[in-house]
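Structure assessment
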Amino acid sequence: MADIFEPEIPGENAPEFTVSEISGAVKRLIEGEFAHVRVRGEIGRVSRPRSGHVYLDLKDERAVLSGVIWRGVAARLQVQPEEGMEVIATGRLTTFPGQSKYQIVIESLSPAGIGALMAMLERRRKALAAEGLFAAERKRPLPFLPEVIGVVTSPSGAVIRDILHRLRDRFPRHVVIWPVAVQGERCAPEVARAVRGFNALAPDGPIPRPDVIIVARGGGSIEDLWGFNEEEVVRAVAESAIPVISAVGHETDTTLVDHAADVRAPTPTAAAEMAVPVRLELLATVEDLSGRLGRAAATALERRRQRVADLGRLLPRPESLVQSWRQTLDHLDQRLPTALRALARERRLRYTRVAAPFSARVLAVSLARHQERLGDLAGRLSPAMARRLADARREAARTSAGLRPRTVAATVLRARRDLDALSQRLATVAEARQARLRDRLEALERMRQTLGYKETLRRGYAVVRAGEEVVTRARDARRHAGLEIEFHDGKVPVRVAAEEKAPPAAPRRGRPGGGGGDGQGSLF
Amino acid sequence: MSEKPVEEMSFEEALKELEDVVRRLEQGDVPLDESIRLYERGAKLKRRCEKKLREAEEKVAQITLDESGNPSGTVPVEEL
C-alpha cells in the first residue's frame, strides 16, 4: 500500500481550501447575499424542544428550507406556526457548517393572506371541535344572579366602561377586572392565565371568586383578534369551572373562544345584559308573587270557610231530629188520662164484684145469730150455776157431818172466791166480745150505708114495697091494694087504683134499713 | 322535601321556591295546615328576595398581579 502515490496532476494549480475555509466562504457569501429575505411557503414539520426555540420546515412542491425561530422571537409571534400553514417568513439565511446545512432564521411570521389565515382557523376549529371542546353538553348555565362578576379585558377603554354602565343600569354588582393585553403576542397567554386564575381563586379568599366570567374585547381586524383564536385561550375557557361569557369583537367577528365559551355575546354590552337580570323587573316579580301568595292563602281559607258553611247547611236541623218524638209524646200524653180513667173504672167494677159477699146485710144476719146464741147461753148460765151450787151445797151438807167446820168453811170460801173470779171473767169476756162485735157491726153499717140503696134514693129513685116485700114488677104491684114508696127522706103510703083484691095498705115500721144493730134484716 | 334555611339561599333559590310556593297555594289542593306553613315560608322567601335585591351595590375592583403574573390583590376602580 505504501507504494501507492497520488500523482500530481499537472495544470491543477487552483488554491486548496480546507473544509472550514470553504464552509466559511459559503457562509459569508450566503449571509451577505440573503441577510434579509421574505420567503413564502407552507409550514411542514414543526418541533418545539424544551429550549423554547421552534424548528420548522418551509416547503413548496420541489424544495424544503429548514427554519428556526429563536425563543424570544417565538414568544412574540402573533400567529404561532402550525403545520400546513401558508406563511410568509421574514428573516435571514444562515449556514450551519458543522452539518453542511443552511437554514432561515425567522424574525417574524405571518399568514400568507386572509384566505390562508381563515383556512388555518377553520382547520384549528375542526381539530378542537373534534376534541369536544365546543360540544353543547359542555356548556354550563349562567347563574341567575351572580354576586361577583369577573371581567377579563383591558382595564382601559370603551369595553369595560360599556360593561360597567350596563351592569349599573340593570343590577349593580361586585365586579373584579383581570387586566390583560387584548392584542399582540401577550394577548393569548394573558387571557388564558386570567381565566385559569379566576378559577383558581379560593371561594372565600381575599379576592372574591367570580360566579361568572366575561371575556371581552372590542372590534378589530382578524389579526387584532387573533389571540382569541389561540388554542391555549380556547382550552382555558373550555376548562373553566366558572361559566364564561365571551364578547370578542363585533357581532360578525367570530373567534374560537366564542365557540368554547358557555354563552357568546355579540357585544360587551350584551354580555353585561346576559350576566345579570334587571333589578326593577325582579322587584316587580317578587311583588307580584307576594301578592299572589297573599291572595292564594286568603282564597285557601275562604274556600274552606265556604265549605264549612255548605256542610253546615247540609246538617239536619236539631228540631227536626226531635219533632217526630215530640209528636209521639203529645199523642201519648193525650191518651194517658183516658187510659187512667178507664183503668180506674175497670178496677172499681172488679172491686164491686169481689166486695158483694161482704155486704152489710149478710154480716148483720151472722151477727144476730151470734147474739141470739149468746143470749141463750147467758140465760142458761144462772140456773146451771144455781143447780150446781145446790148440788155442791147438798154434797157439802152430806159431807159436812164428817167434816170439821173450819175445813168446810175454808173450802167454801175458796170455792166462792173461785166463783167470783169466774163470774168476773165471764162478764169481762162477754162484754169484750160484745164490744168487738158492735164495732164490727158499726163498720159494716157504715159500709152498708155507702154501698146501700139509700144513696141511690137521693138521686131520684124510690123503693116500692108491699108490706115487707119489695115490689119490683108492675104485675106484683097490681096484686096489692096499697103500696109504700120510700124516698130518701121518708116513706109515703099509696093506694093502687086499678084492682081491689089487695089487702089494705099496711104502712109499718119506721125507717127500714136505718139504725145500727137492731136486727132489721127482714127487708131483704 | 329538604328545606334549606331561607337565610342561606341565593336570590335565585329563594325566588324559585317562592314561585313554587305560590303555585302550590294557587292550585289549592294543599291541606290547611300545610297552606298556612307555605304562606309563612313564602313570606320569608319574599323577604329574602327583597333583601338580595336591596343589596344591589356596585363595587368595582381590579386585580393586581405580581412579577410572575399571579394575582396579589385588588385595587378599587373608580370613574369608569
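Residues numbered from 1 in each chain as written. Chains lettered and ligands numbered in written order. Predicted model: local features only at pLDDT ≥ 70, side-chain atom pairs only at ≥ 80, totals over all residues. Heavy atoms only, no water.

Judged by nonpolar contacts, the single largest core of 58 residues is most densely connected at A:Ile69, A:Val152 and A:Phe198. For this core, the element with the most residues is helix α5 (residues 187-200) of chain A, which contributes seven residues. Every residue in contact with A:Val152, bar those within four places of it in the chain, is listed here: A:Trp178, A:Val180, A:Val191, A:Ala194, A:Phe198, A:Ile213, A:Ile214, A:Val215 and A:Ala216. Ranked by size, the runner-up nonpolar core spans 45 residues in total, among them A:Ala272, A:Val286, B:Cys49 and B:Leu53. (Core = buried A, V, L, I, M, F, W, Y, C linked by side-chain atoms within 4.5 Å. Buried < 20%, exposed > 50% of the residue type's maximum accessible area, 1.4 Å probe, protein only. Helix = DSSP H or I, 4+ residues; strand = E, 2+ residues; numbered from the N terminus. Contact = heavy atoms within 4.5 Å.)

Moving on: the pairing of strand β9 (residues 244-248) of chain A. Residue and element names in this part refer to chain A. Within β9, five of the five residues are buried, which leaves it mostly tucked inside the rest of the structure. The sheet contact formed by strand β8 (residues 212-217) and β9 spans five bridges and is parallel. Counterpart to Val215 in the pairing with β9 is Ser246. What joins β8 to β9 is helix α6 (residues 231-239), and the crossover it makes is right-handed. For β9 and strand β10 (residues 263-264), the ladder comprises two bridges, and the chain directions are parallel. Across the sheet, residue Ser246 finds its bridge partner in β10, namely Arg264. (Pairing = 2+ DSSP bridges. Right-handed = clockwise from strand over helix to strand, strands pointing away.)

Once that is clear, we can look at helix α10 (residues 318-355) of chain A. Compared with the 56 Å implied by 1.5 Å per residue over 38 residues, the 55 Å span of α10(A) between its first and last C-alpha is a close match. Bending of α10(A) peaks at approximately 30 degrees at the position of A:Ser324. (Expected span 1.5 Å × (residues − 1). Bend = angle between axes of the 7 residues up to and from the residue.)

Moving on to the sheet that holds strand β12 (residues 469-470) of chain A. Residue and element names in this part refer to chain A. Strand order in the open sheet formed by four strands is β12-β11-β13-β14, with antiparallel pairing between adjacent strands. Since the sheet does not close on itself, it has two edges, and those belong to β12 and β14 (490-495), each with one partner. As judged from the two bridges shared by strand β11 (residues 463-466) and β12, these two strands associate in the antiparallel manner. Note that in β12 the partner of Arg465 across the bridge is Val470.

Further remarks concern the confidence of the model for chain B. For chain B, the mean per-residue pLDDT works out to 85, and 95% of the residues sit at or above 70. Looking at the elements of chain B, mean pLDDT is at its lowest for strand β2 (residues 71-76) of chain B, recorded as 86, and at its highest for helix α1 (residues 11-27) of chain B, recorded as 89. (pLDDT = per-residue confidence, 0-100.)

Residues and elements named next belong to chain A. A cluster of like negative charges, contributed by Glu42, Asp60, Glu61 and Glu83, occupies part of the molecular surface. Mapped onto the secondary structure, Asp60 falls in the loop between β2 (54-59) and β3 (64-69). What makes Asp60 partly exposed here is its relative accessible area of 46%. (Patch = residues over 30% accessible without salt bridge, like charges linked within 9 Å, V, L, I, M, F, W, Y side chains within 5 Å. Areas by Shrake-Rupley, 256 points an atom, 1.4 Å probe, with all protein chains shown as cover. Salt bridge = Lys/Arg side-chain N within 4 Å of Asp/Glu carboxyl O. Lys, Arg positive; Asp, Glu negative; His and termini not counted. Charge placed at Lys NZ, Arg CZ, Asp CG, Glu CD.)

Turning our attention to helix α3 (residues 114-131) of chain A. At 3.6 residues per turn, the α-helix brings residues three or four places apart onto the same side. Residues and elements named next belong to chain A. Here α3 is 18 residues long and its end C-alpha atoms lie 26 Å apart, about the 26 Å a rise of 1.5 Å per residue gives. Listed as buried for α3 are Ala116, Leu117, Met120, Leu121, Arg124 and Leu128. One face of α3 carries all of its buried residues, which in axial projection span an arc of 135 degrees. Turned more than 90 degrees from where α3 packs its buried face, Gly115, Lys126 and Ala130 sit exposed. Residues of α3 that are buried sit in contact with β4 (86-96), β5 (101-111), α6 and α7 (256-260). Residue Gly132 follows α3 closely and has a positive phi angle near 90 degrees. (Arc of directions from axis to C-beta.)

This paragraph deals with the pattern of salt bridges. Evaluation of the coordinates by the stated rule reveals 36 salt bridges over all chains. For the salt bridge of A:Arg92 with A:Glu107, the shortest nitrogen-to-oxygen distance reads 3.8 Å. Linking A:Arg92 in strand β4 with A:Glu107 in strand β5, this pair joins segments that are 15 residues apart in sequence. For A:Glu107, a relative accessible area of 41% corresponds to the partly exposed category. One salt bridge in this structure joins A:Asp376 and A:Arg380, with 3.6 Å as the shortest N-O distance. You can see A:Asp376 and its partner A:Arg380 sitting in helix α11 (residues 360-400), four residues apart, about one turn around the helix. Overall, A:Arg380 belongs to the exposed group, its relative accessible area being 53%. Residues joined in a network through salt bridges with shared partners are A:Glu147, A:Arg173, B:Lys51, B:Lys52 and B:Glu55.

A separate point is the interface of chain A and chain B. Interfaces are often sized by the amount of accessible area the parts lose when they come together. Residue-level contacts link 38 residues of chain A with 43 residues of chain B. Roughly 3600 Å² is buried in total at the junction of chain A and chain B, and carbon and sulfur atoms are behind 67% of that figure. Of all residues in chain A, A:Val286, A:Leu289 and A:Leu293 give up the largest surface area on contact with chain B, accounting jointly for 17% of the area buried on that side. The interface formed by chain A and chain B holds three salt bridges in total. B:Lys52 is the salt-bridge partner of A:Glu147, the closest N and O atoms lying 3.1 Å from each other. Across the chain A-chain B interface, the total number found is 14 residue pairs in polar contact (both at pLDDT 80 or more). (Buried area = accessible area lost by both parts, 1.4 Å probe. Polar contact = N/O pair within 3.5 Å; in protein donor to acceptor, adjacent residues only side chain to side chain.)

A few words now on the packing of α1(B) against helix α2 (residues 32-54) of chain B. Residue and element names in this part refer to chain B. Where α1 contacts α2, the axes come no closer than 9 Å and their chain directions differ by 150 degrees. By the angle between their axes, α1 is roughly antiparallel relative to α2. The handedness of the crossing between α1 and α2 comes out as left-handed. Along the contact surface, α1 presents Phe11, Ala14, Leu15, Glu17, Leu18, Val21, Arg24 and Leu25, while α2 presents Glu34, Ser35, Leu38, Tyr39, Arg41, Gly42, Leu45, Lys46, Arg48, Cys49, Lys52 and Leu53. Its residues placed into classes, the contact of α1 with α2 shows 11 nonpolar, two polar and seven charged. (Axes fitted to C-alpha atoms, helices over the stretch in contact; angles between N-to-C directions. Parallel < 35°, antiparallel > 145°, perpendicular 65-115°, else oblique. Left-handed = near helix turned anticlockwise from the far one by under 90°. Nonpolar A, V, L, I, M, F, W, Y, C, P; charged D, E, K, R; others polar.)

All names here are of chain A. The interhelical angle for the contact between helix α4 (residues 158-170) and helix α8 (residues 268-275), taken along N-to-C directions, is 35 degrees, at an axis separation of 8 Å. Viewed along their axes, α4 and α8 form a crossing whose handedness is right-handed. The residues of α8 that touch α4, namely those facing Val159, Asp162, Ile163, Arg166, Leu167 and Arg170, are Pro268, Thr269, Ala272 and Glu273.

Spatially, the seven strands line up as an open sheet ordered β10(A)-β9(A)-β8(A)-β6(A)-β7(A)-β1(B)-β2(B), and their pairing is mixed. Each edge of the open sheet carries a strand with a single partner, namely β10 of chain A together with β2 of chain B. Along the sheet, α4(A) makes contact with β6 (148-153), β7 (174-179) and β8 of chain A together with β1 (59-65) of chain B, crossing β6(A) at roughly 160 degrees.

Next up on the list: a nonpolar patch on the surface. Residue and element names in this part refer to chain A. There is a patch of nonpolar side chains on the surface, built from Phe17, Val19, Ile22 and Val26 and spanning about 380 Å² of accessible area. Assignment of secondary structure puts Val26 in helix α1 (residues 19-33). Val26 gets classed as partly exposed once you look at its relative accessible area, which sits at 36%.

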